[in-house]
Amino acid sequence: MAKAGEKSSSSWKKTLKRKAAVEEIQEAAGAGDGATESGVQPPKAAAFPPGFSISEIKNKQRRHLMFTRWKQQQRKEKLAAKKKLKKEREALGDKAPPKPVPKTIDNQRVYDETTVDPNDEEVAYDESTDEFASYFNKQTSPKILITTSDRPHGRTVRLCEQLSTVIPNSHVYYRRGLALKKIIPQCIAREFTDLIVINEDRKTPNGLILSHLPNGPTAHFKMSSVRLRKEIKRRGKDPTEHIPEIILNNFTTRLGHSIGRMFASLFPHNPQFIGRQVATFHNQRDYIFFRFHRYIFRSEKKVGIQELGPRFTLKLRSLQKGTFDSKYGEYEWVHKPREMDTSRRKFHL
């Protein structure tokens, strides 16, 4: 019985110490700002003296409370500085200095020697003689074959079907165990201009192969963040058969131009603006975000948009010369993470 009494007294002493520590913190931090018995407000003490370090506090409750009060003080100081700066700018009016541009990873991008100058004659000549020149000269019209990996599951099949409604003049065929080396000659014989293969892993689409026919090139992408139409909130009605517009953003390097031209060659060169549909390939930090929208002009300044779906994100893994050949193919560019991802501010597209 003596041992039980000793344990209860020791736990009671610990509780008293904790209460005393909390009261001490509240007094030091100015928490007890209420009036005393005489009705006189006590002077506010400095909550955090210079050289104060929260990490040196050993008591967990005391450390947590002091950290909370420190965060509140930091927030108040930041808000006060913001209000002061706003008043100064309003007082100066037009003479106020321009607002500083915030530093981001995008605007601190490391300069790339292959960045394309719009007025470069060499780039213009290369683009006029590359594999996509006949498309941009309106000599050929795209005809796309969309297929999957062997034994696709429902999610991959639905993605292919929805892609066929986005890309005009595209046809979905099931793989049925055929190798790509046998599929490509059949596509060329039937005058297909591009081949899209959707790969999957664990019933989820995880890769996309885009091969331009008949002479390449072939790009291999990693696919992620796939959302089908039913999974998109507040989506619009199903797309119509109108030829959509296409937007290509931030493809600035020579490699990026090649990838952008590959995406552009999937869609006919004469969009039907009456359909008000637009397909967007937005490159940001070498991730390519695909979105499909319908827009409407509400007024001269306001535009409303509805996402139609599907949506997904692509990451370029390799660019190969010619059509698909995993064994003897010659690669123009291959992503090597250990060599190329050493800096967060260096991008390749």
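Quick note: structure is the one above.
Described below are features of the structure shown in this document. Predicted, not measured: the structure shown is a model, and the values here were computed from it.

Quick word on the packing of aromatic side chains
What the rule picks out here adds up to 8 aromatic pairs. Ring geometry for Phe290 and Phe312: centres 4.9 Å apart, planes at 20°, overall stacked. With Phe290 in strand E8 (residues 287-297) and Phe312 in strand E10 (residues 311-320), this residue pair connects regions lying 22 residues apart in the sequence. With a relative accessible area of 2%, Phe290 lands in the buried category.

With respect to unusual backbone geometry
Backbone phi values are negative for most residues with the exception of glycine, while trans is the configuration of most peptide bonds. In the segment running from Leu213 into Pro214, the intervening peptide bond is cis, with an omega of 10°. Mapped onto the secondary structure, Pro214 falls in the loop between strand E4 (204-212) and strand E5 (218-227). Following Gly216, the chain continues to Pro217 via a peptide bond in cis, the omega torsion being 5°. Relative to the elements of secondary structure, Pro217 occurs in the loop between E4 and E5. Here the phi dihedral of Lys138 falls at roughly 60°; this positive angle occurs in a residue that is not glycine.

Regarding the nonpolar core
Core analysis: the largest hydrophobic core is formed by 37 residues, its most contacted members being Ile196, Phe221, Ile259, Phe263 and Ile288. In this structure, Ile288 is in contact with Phe221, Phe251, Ile259, Phe263, Phe281, His282, Asn283, Phe312, Thr313, Leu314 and Leu349, ignoring residues within four places of it in sequence.

Describing helix H2 (residues 60-92)
Across its 33 residues, H2 extends 48 Å between first and last C-alpha, which sits within 8% of the 48 Å expected from 1.5 Å per residue. By the N-cap criterion, in which a side-chain oxygen at the helix start approaches the backbone nitrogen of a residue two or three places on, H2 is capped by Asn59, the distance to Gln61 being 3.0 Å. Positive phi shows up at Gly93, right after H2, with a value of about 70°.

As for the side chain of His348
Take His348: it is sitting in the segment after helix H8 (337-340). According to the relative accessible area criterion, His348 is buried, its value standing at 15%. Dropping the residues within four chain positions of it, His348 is found in contact with Arg109, Asp112, Thr253, Leu255, Gly256, Asp286, Trp333 and Met340.

Quick look at the side chain of Thr148
Position of Thr148 among the secondary structure elements: in strand E1 (residues 144-148). Beyond its immediate stretch of four places on either side in the chain, Thr148 contacts Thr156, Cys160, Tyr173, Arg175, Val197 and Ile198.

Quick word on the pattern of salt bridges
Tallied over the full model, the rule gives 9 salt bridges. The closest approach of N and O atoms between Arg261 and Glu127, which form a salt bridge, is 3.6 Å. Of the two residues, Arg261 is situated in helix H7 (residues 254-264) and Glu127 in helix H3 (residues 121-129); the sequence distance between them amounts to 134 residues. Arg261 gets classed as buried once you look at its relative accessible area, which sits at 12%. In this structure Glu127 comes out as partly exposed when scored by relative accessible area, which is 23%. The residue Arg311 makes a salt bridge to Glu307 at a minimum N-O spacing of 2.7 Å. Three or more residues are tied together by salt bridges with common partners; here these are Glu127, Asp130 and Arg261.

Reading the values: the criteria
- Residues numbered from 1 in each chain as written.
- Predicted model: local features only at pLDDT ≥ 70, side-chain atom pairs only at ≥ 80, totals over all residues.
- Heavy atoms only, no water.
- Phe/Tyr/Trp six-rings, centres within 6.5 Å; stacked < 30°, edge-to-face > 60°.
- Helix = DSSP H or I, 4+ residues; strand = E, 2+ residues; numbered from the N terminus.
- Buried < 20%, exposed > 50% of the residue type's maximum accessible area, 1.4 Å probe, protein only.
- Core = buried A, V, L, I, M, F, W, Y, C linked by side-chain atoms within 4.5 Å.
- Contact = heavy atoms within 4.5 Å.
- Expected span 1.5 Å × (residues − 1).
- Polar contact = N/O pair within 3.5 Å; in protein donor to acceptor, adjacent residues only side chain to side chain.
- Salt bridge = Lys/Arg side-chain N within 4 Å of Asp/Glu carboxyl O.

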